[in-house]
Amino acid sequence: MFLDRPHALFLPGVRLLRRSAETPDKRNEACSAHLDIGSFIMASSYVKPKEKTLQTLRDTANRLRIHSIRATCASNSGHPTSCCSAAEIMSVLFFHTMRYRPNEPGLPSNDRFVLSKGHAAPVLYAAWAEAGFIKEPELLNLRKINCDLEGHPTPRLPFVDVATGSLGQGLGAACGMAYTGKYFDKASYRVYCLLGDGESSEGSVWEALQFGSHYQLDNLVAIIDVNRLGQSEAAPLAHDTDVYRKRCEAFGWNTCVVDGHDVEELCQALWQASQQKGKPTMIVAKTFKGRGIPGVENADNWHGKPIPKDKVESILHTIQSQIQTHDVWTIQPPLQDVPPINTVDIRMPSSPTYNIGEKVATRKAYGLALVKLGKANKHVVVLDGDTKNSTFAELFKQAHPERYIECYIAEQNMVSVALGCAARNRTIAFASTFAAFFTRAFDHIRMGAISQSNIKLCGSHSGVSIGEDGPSQMALEDLAMFRTIPGCTVFYPSDAVSTEHAVFLAANIKGICFIRTSRPETPVLYSQEEKFGVGHAKVVRMSDADRVTVIGAGVTLHEALSAADELSKQGIHIRVIDPFTIKPLDADTIISNARATGGHIITVEDHYKEGGIGEAVAAAVSGEPGILVQSLAVSGVPRSGKPAELLDLFGISAKHIITAVKSTFAN
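Since we're looking at a predicted model, the values are computed, not measured.

Calculation criteria
Residues numbered from 1 in each chain as written. Predicted model: local features only at pLDDT ≥ 70, side-chain atom pairs only at ≥ 80, totals over all residues. Heavy atoms only, no water. Helix = DSSP H or I, 4+ residues; strand = E, 2+ residues; numbered from the N terminus. Rg over C-alpha atoms; globule rule 2.2 N^0.38 Å. Buried < 20%, exposed > 50% of the residue type's maximum accessible area, 1.4 Å probe, protein only. Contact = heavy atoms within 4.5 Å. Areas by Shrake-Rupley, 256 points an atom, 1.4 Å probe, with all protein chains shown as cover. Lys, Arg positive; Asp, Glu negative; His and termini not counted. Charge placed at Lys NZ, Arg CZ, Asp CG, Glu CD. Core = buried A, V, L, I, M, F, W, Y, C linked by side-chain atoms within 4.5 Å. UniProt positions renumbered as here; feature names shortened; annotations may be inferred. Expected span 1.5 Å × (residues − 1). Arc of directions from axis to C-beta. Pairing = 2+ DSSP bridges. Axes fitted to C-alpha atoms, helices over the stretch in contact; angles between N-to-C directions. Parallel < 35°, antiparallel > 145°, perpendicular 65-115°, else oblique. Left-handed = near helix turned anticlockwise from the far one by under 90°. Nonpolar A, V, L, I, M, F, W, Y, C, P; charged D, E, K, R; others polar. Phe/Tyr/Trp six-rings, centres within 6.5 Å; stacked < 30°, edge-to-face > 60°. Lys NZ or Arg CZ within 6 Å of the ring centre and 35° of its normal. Salt bridge = Lys/Arg side-chain N within 4 Å of Asp/Glu carboxyl O. Polar contact = N/O pair within 3.5 Å; in protein donor to acceptor, adjacent residues only side chain to side chain.

Our focus in this paragraph is the overall build of the chain. A tally of helices and strands in the chain yields 22 helices and 21 strands. For 667 residues, the compact-globule formula gives about 26 Å, and the C-alpha radius of gyration of the chain, at 28 Å, lands near that figure. Taken along its principal axes, the extent of the C-alpha atoms in the chain is 95 × 55 × 50 Å. The 667 residues of the chain split such that 61% are buried. Sequence separation of at least 24 residues holds for 80% of the intrachain contacts in the chain that already meet a minimum separation of 6. Surface accessibility of the chain: about 25,500 Å² in total, with carbon and sulfur atoms responsible for 50%. Distance between charge centroids for the chain: 3 Å, based on 68 positive and 70 negative side chains.

Looking now at the nonpolar core. By size, the foremost hydrophobic cluster in this structure holds 79 residues, and its most contacted members are Leu171, Phe211, Leu220, Leu383, Ile405, Phe438 and Phe482. Ranked by residue count, the leading element in this core is helix 6 (residues 170-184), at eight residues. If sequence neighbours within four positions are ignored, Phe438 has contacts with Met414, Val415, Ala431, Ser432, Thr433, Ile445, Leu457, Cys458, Gly459, Met481, Phe482 and Phe514. Judged by nonpolar contacts, the second largest core, of 52 residues, contains Cys83, Phe95, Ile223 and Cys267.

Look at the UniProt record and you will see "domain: Transketolase-like pyrimidine-binding" (unreviewed entry) annotated at residues 360-524. With 39% helix and 20% strand, residues 360-524 has end C-alpha atoms that lie 7 Å from one another.

Along its 12 residues, helix 10 (residues 309-320) runs 17 Å from first to last C-alpha, staying within 8% of the 16 Å computed at 1.5 Å per residue. Among the residues making up helix 10, those that are buried are Val312, Ile315, Leu316 and Ile319. The buried residues of helix 10 occupy an angular sector of 100 degrees when the element is viewed end-on, so they sit on one face. Those residues of helix 10 that are exposed and angled more than 90 degrees off the buried face are Asp310, Glu313 and His317. Tucked inside the fold, the buried residues of helix 10 contact helix 2 (51-75).

Ordered in space as 16-18-17-20-21, the five strands form an open sheet in which the pairing is mixed. Of all strands in the sheet, those with a lone pairing partner are strand 16 (538-541) and strand 21 (628-634), marking the two edges. Neighbouring strand axes in the sheet, compared pairwise and without regard to direction, differ in orientation by 25 degrees on average. The sheet contact formed by strand 17 (residues 548-552) and strand 20 (residues 600-608) spans four bridges and is parallel.

Packing of helix 14 (residues 411-422) against helix 15 (residues 442-450) leaves a shortest axis separation of 8 Å and a crossing angle of 15 degrees. Comparing the axis directions of helix 14 and helix 15 gives the class roughly parallel. As helix 14 packs across helix 15, the resulting crossing turns out to be right-handed. The residues of helix 15 that touch helix 14, namely those facing Gln412, Val415, Ser416 and Leu419, are His444, Ile445 and Gly448. Residues of the contact of helix 14 with helix 15, tallied by class, amount to three nonpolar, four polar and no charged.

Attention shifts here to the packing of helix 11 (residues 362-376) against helix 17 (residues 496-508). Two elements in contact, helix 11 and helix 17, have axes separated by 8 Å at closest approach and are oriented at 45 degrees. The pairing of helix 11 with helix 17 is recorded here as oblique in orientation. As for how helix 11 packs across helix 17, the hand of that crossing is right-handed. Here helix 11 contributes Thr362, Ala365, Tyr366, Ala369, Leu370, Lys372 and Leu373 to the contact with helix 17, which in turn contributes Ala496, Thr499, Glu500, Val503 and Ala507. Class assignment of the residues belonging to the contact of helix 11 with helix 17 gives a composition of eight nonpolar, two polar and two charged.

Here the focus is the sheet that holds strand 2 (residues 112-115). Think of a sheet as strands paired side by side through backbone hydrogen bonds, with each pair either parallel or antiparallel. Pairing is parallel in the open sheet, where five strands are placed in the order 2-3-4-6-5. Of all strands in the sheet, those with a lone pairing partner are strand 2 and strand 5 (254-259), marking the two edges. The average undirected angle you get between the axes of adjacent strands in this sheet is 20 degrees. In the sheet, strand 5 pairs with strand 6 (residues 281-286) via six bridges, with the strands oriented parallel. Opposite Val258, over in strand 6, you have Ala285 as the bridge partner.

Here we come to the packing of aromatic side chains. In total, this model carries 24 aromatic pairs according to the counting rule given. Look at Phe94 and Phe95: their rings are 6.4 Å apart centre to centre, the planes differ by 45 degrees, and that puts the pair in the tilted class. Phe94 gets classed as buried once you look at its relative accessible area, which sits at 1%. The class of Phe95 is buried, set by a relative accessible area of 1%. Centre to centre, the rings of Phe438 and Phe482 are 6.1 Å apart; their planes meet at 85 degrees, and the pair counts as edge-to-face. Note that Phe438 is positioned in the loop between strand 11 (428-434) and helix 15 and Phe482 in helix 16 (residues 478-483), a separation of 44 residues in sequence. Residue Phe438 shares its accessibility class with Phe482, and that shared class is buried. Through a chain of ring-to-ring contacts, three or more aromatic side chains come together here, namely Phe94, Phe95, Tyr100, Phe113, Tyr125, Trp128, Phe133, Phe159 and Trp329. Geometry around Tyr189 places Arg112 over its ring, the cationic atom sitting 3.6 Å from the centre.

Attention now goes to the pattern of salt bridges. Considering all chains together, one arrives at 28 salt bridges under this definition. Taking the shortest distance from any N to any O, the salt bridge between Asp225 and Lys117 comes out at 2.7 Å. A residue pair is termed long-range when its members are at least 10 positions apart, and Asp225 in strand 4 (residues 220-226) and Lys117 in the loop between strand 2 and helix 5 (121-131) qualify at 108 residues. Grouping residues by exposure puts Asp225 and Lys117 together as buried. We note a salt bridge from Arg424 to Asp161, for which the minimum N-O separation is 2.9 Å. With Arg424 in the loop between helix 14 and strand 11 and Asp161 in the loop between helix 5 and helix 6, this residue pair connects regions lying 263 residues apart in the sequence.

It is worth spelling out the side chain of Thr362 at this point. Relative to the helices and strands, Thr362 is located in helix 11. There is a polar contact of 2.8 Å between the side chain of Thr362 and the backbone nitrogen of Ser518. Residues within four places of Thr362 in sequence aside, it is in contact with Pro493, Ser494, Asp495, Thr499, Thr517, Ser518 and Pro520.

A few words on unusual backbone geometry. The phi torsion of most residues other than glycine is negative, and most of the peptide bonds are trans. Pro584 follows Lys583 through a cis peptide bond whose omega is -5 degrees. Here Pro584 is to be found in the loop between strand 19 (581-583) and helix 19 (587-596). Phi angles above zero are rare outside glycine, and Gln216 is one such case at about 50 degrees. With respect to the helices and strands, the residue Gln216 is situated in the loop between helix 7 (203-214) and strand 4.

Here the focus is the environment of Gly172. As for its placement among the helices and strands, Gly172 is situated in helix 6. For Gly172, a relative accessible area of 3% corresponds to the buried category. If we skip the residues at most four places from it in the chain, Gly172 touches Ala208, Asn413, Ser416 and Val417.

Quick look at the structure:
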């Protein structure tokens, strides 16, 4: 039951045009004429759409069902029942509520739509076919190798902003888009997210609910498609929509329950959402999985199964017989109120100001670099997970508070929000926390790569060198994790100057970047004029008498330099390399210097051996005869202690580097 509210509103202003009566050109002319007399109609309360409009929305929903069934049958795989439960929701959203240009799906001013229940991709593709962007025959190429209509949505398609399918992530990305629209773009576009009831078991959904209400994202509407059935059995709450309502209300959302197959209730609920101020809206839509399919609707064990071929024509005929109209929608375009921005070719306002020998933690240099970057470009935004006084993201907050987002202790959601902020190139988003805590967000980062996202992540407190806090805070797996992310650039700066360059370079790279920073203060190694590049290592100590090449990064580079100083007193000389980027690794520099030092390489890292610098170097030289790699790395679960004690205990201190060098000669 909905109550009309006496507020002014912008009604969708959608008109119907007969397919048989007008050509595409005439339809466009008619749309323009319609807009000339006023894009928006003012009203003091909700006005029920005409019956003809409602019937056409019902008919469009049934056409979406038909497209989804045909496409999944053609591919002999997919989720037609999940599509059918959402058909009316998609019909009302795409052809009554949302404002967008169908021929320009990536237009910054368009309303956003995130299909969090990504397995219902065929109904999304069907909606874009009905909107005219996809040619209808192309739907039958669903899931084929030469077709971008994949099993779950990816940004290979211009109308997909973030990849979905790993459940529980869409709402966080939608929060990022809504935050950007409200606080950065200050534009009128709205964000809609469709979730499944099964994925509401994911904790990240509730992280996003908390974020959305805390930041009063009243330009965000989420819809839960409560179709009762999960993959293998019923979802925990089945059809208990009242519990969904109470939970969402408890998280601070304006919430209503509707019949998800009643287009008029959906129209009214979405109108009410447009009137809500200060809160996001959650629409709990009770639906039935497989709606409209005789013998399948609301039945168990149909998830992810196409309709049997011997029953398809009969089922399609049944659905087709319910369609009464064949009208074409004229979709209302958005307001063009999104400001133009530039996120390329960013230049720092000045060179680093650190002096050689000055002691600065790379985590602090990261924060200081962000401040400079924020001055250079007003579209740089920074997120943090309540660790800003440790990652030094707080320095950015102090300088640019309007562009800082506190995500609190919800790292999964922080990554998803960053993905949403970066969508459609609206921001350059940096997100930071302890590097160890990014491991819990690995799936979200992985999906970010599939999303072709442009986010920058910084993990501080890497390795045992953090000291007394102990193993739960020590990142020892992060390099391995980020090295596996396709297209990810992995920076491991070893001093303040190289950290500033890492931040600057990351801002100008298209794609995911990870910057690994350390807790201890370490001496500045490089001059203010030193130049850095992605995939270019630095040889920081060398002589013609060098007998071994030692590669270290972060604190272990300084341990290697200490070892070099001590060894030189004993008449033994080693070459020391700072890789700067672990991915891509500068294999040419490593190989040439290894050959110059007798083929001997020792890597030393504050990280587990598996997936770290040693294995990266070993892979880089694997095809080179006569080069041997010895790896010094942390083994086993560490413990609390002083940083120097822990470096020594786990065999990555200067003392152990000296022993390894001498052992190389002995062997």
